[in-house]
Amino acid sequence: MKKEQLIQETAVFVREHFEQEGSGHDWWHIYRVWQMARQIGTTEQVDPFRIEMAALLHDLDDWKLSQSRESQAQEWLSSIEVANVDLQAILQIIDEVSFKGAGVETTPTSLEGMVVQDADRLDAIGAIGIARTFAYGGNKNRLIYDPEVAPEQHDSFKAYQQSTAPTINHFYEKLLLLKDRMNTETGKKLAEERHQFMEAFLEQFFREWQMEERLIT
Ligand code: ADP
Ligand code: NI
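Worth saying up front: this structure is predicted, and the values here are computed from it rather than measured.

Rules used throughout
- Numbering of residues starts from 1 in every chain and runs along the sequence as written.
- Chains and ligands are labelled sequentially in the order written, the chains with letters from A and the ligands with numbers from 1.
- In keeping with the predicted nature of the model, local features appear solely for residues at pLDDT of at least 70, side-chain atom pairs appear and are counted solely at 80 or more, and the whole-chain, interface and lining totals rest on all residues.
- To get the side-chain values, all heavy atoms of the structure are used, and hydrogens and water are removed first.
- Only DSSP runs of H or I covering at least 4 residues are called helices, and only runs of E covering at least 2 are called strands; the numbering of each starts at the N terminus.
- Here the radius of gyration uses the C-alpha set of atoms, whereas the globule reference equals 2.2 Å times the residue count to the power 0.38.
- Only protein chains enter the accessibility calculation, which uses a 1.4 Å probe; a residue is then buried when its area is under 20% of its type maximum, exposed when over 50%, and partly exposed in between.
- Any pair of residues with heavy atoms lying within 4.5 Å of one another is described as a contacting pair.
- We score Asp and Glu as negative and Lys and Arg as positive, and we do not count His or the chain ends.
- Charge placement uses NZ in Lys and CZ in Arg. For Asp and Glu, CG and CD serve respectively.
- UniProt positions are given in the numbering used here, feature names are shortened, and annotations may be inferred rather than shown by experiment.
- Given the number of residues in a helix, its expected span is that number minus one, multiplied by 1.5 Å.
- Values of bend correspond, residue by residue, to the angle between axes fitted over the seven residues ending at that residue and the seven starting there.
- Stacked, tilted and edge-to-face are the three classes assigned to paired rings of Phe, Tyr and Trp, where Trp is represented by its six-membered ring and a pair needs centres within 6.5 Å; plane angles under 30 degrees give stacked, over 60 edge-to-face, the rest tilted.

Turning our attention to the overall build of the protein. Within the protein, the secondary structure is distributed over eleven helices and zero strands. Listing every helix and strand of the protein by position from the N terminus yields α-α-α-α-α-α-α-α-α-α-α. For 217 residues, the compact-globule formula gives about 17 Å, and the C-alpha radius of gyration of the protein, at 18 Å, lands near that figure. Taken over the C-alpha atoms alone, the protein extends approximately 65 × 35 × 30 Å along its principal axes. The burial tally for the protein puts 47% of its 217 residues in the buried class. Sequence-distant contacts, at least 24 apart, represent 66% of the contacts inside the protein between residues at least 6 apart. Computed over 22 positive and 37 negative side-chain charges, the inter-centroid distance for the protein is 1 Å.

Laid out in structure tokens, this is it:
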């Protein structure tokens, strides 16, 4: 099968898998990451096939979403007979994509991994990032904000995974840290504006929380 055809078949498979996802990891998240990774990939010396396949499959086995111990990405790649070197490279990109806590180093080992990670992280910040984060919090029954629970800087993946903190804390535990951890020049540029939008959102959120608007009149 031609590579373009493998990508299209994978998109159909993944779309079906994520159609009903309610925690901000629905098909349109995958679609945006796919398109963004493609776009960033045009500015780097990379293998576009590996990038597109990894972007499409990147959340299939995510610890937040999948209980399965088998790798569904690996199963799919084998079933459509992707060449073994590509299969291994794609799985490696997926394995390295995720954020694992403020104090945990997660720089990918390949340029393709860096591109996919930047694309995934761009979708975690800005207006869309804010929307996804509250969707996730609601899906997991978390509070929006609790002034009695301070954000933490997790220094192990396990501590990060175990957190059940209110959703606003996630901005301080992950989202605001991403701008300075982008890998590519394009990623860095795009992250800047999205970061500023989150800062403005948080400023307004706390103004409203503290009822500071009332003091103005
Ligand atoms: P990663 O692999 O880096 O975790 P994902 O594509 O799986 O990236 O999506 C992570 C997104 O899920 C976050 O950006 C956020 O929107 C949401 N999310 C994950 N953990 C939390 C949390 N503890 N509170 C709120 N949102 C969360
Ligand atoms: Ni993702």
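It is worth spelling out the UniProt feature "domain: HD/PDEase" (unreviewed entry) in the protein at this point. Listed under "domain: HD/PDEase" (unreviewed entry) in the UniProt record, and renumbered for this structure, are residues 22–134. From the first C-alpha to the last, residues 22–134 spans 11 Å; its make-up is 59% helix and 0% strand.

The subject of this paragraph is helix H10 (residues 185–209). Since there are 3.6 residues in each turn of an α-helix, residues three or four apart along the chain are aligned in direction. Given a rise of 1.5 Å per residue, 25 residues ought to cover 36 Å, and the 36 Å separating the end C-alpha atoms of H10 matches this to within 8%. Remark: the principal bend of H10, roughly 25°, maps to glutamate 192. Residues of H10 that are buried: Gly187, Ala191, His195, Met198, Leu202, Phe205 and Phe206. Against the buried residues of H10 lie helix H6 (111–122), helix H7 (126–139) and helix H9 (167–173).

Tallied over the entire structure, the rule returns 18 aromatic pairs. Taking 5.9 Å as the distance between ring centres and 40° as the angle between the ring planes, the aromatic pair formed by phenylalanine 134 and phenylalanine 171 counts as tilted. Here phenylalanine 134, found in helix H7, pairs with phenylalanine 171, found in helix H9; they are 37 residues apart in sequence, far enough to count as distant. Its relative accessible area of 24% is what places phenylalanine 134 among the partly exposed residues. Ring pairing ties together the aromatic residues Phe134, Tyr145, Phe171, Phe201, Phe205, Phe206 and Trp209, which thus form one cluster.

All right, on to the environment of glycine 22 then. With respect to the helices and strands, glycine 22 occurs in the loop between helix H1 (3–18) and helix H2 (27–41). With 25 residues separating them along the chain, glycine 22 and aspartate 47 place their C-alpha atoms 32 Å apart. The residues contacting glycine 22, other than those within four sequence positions of it, are Ala135 and Asn139.

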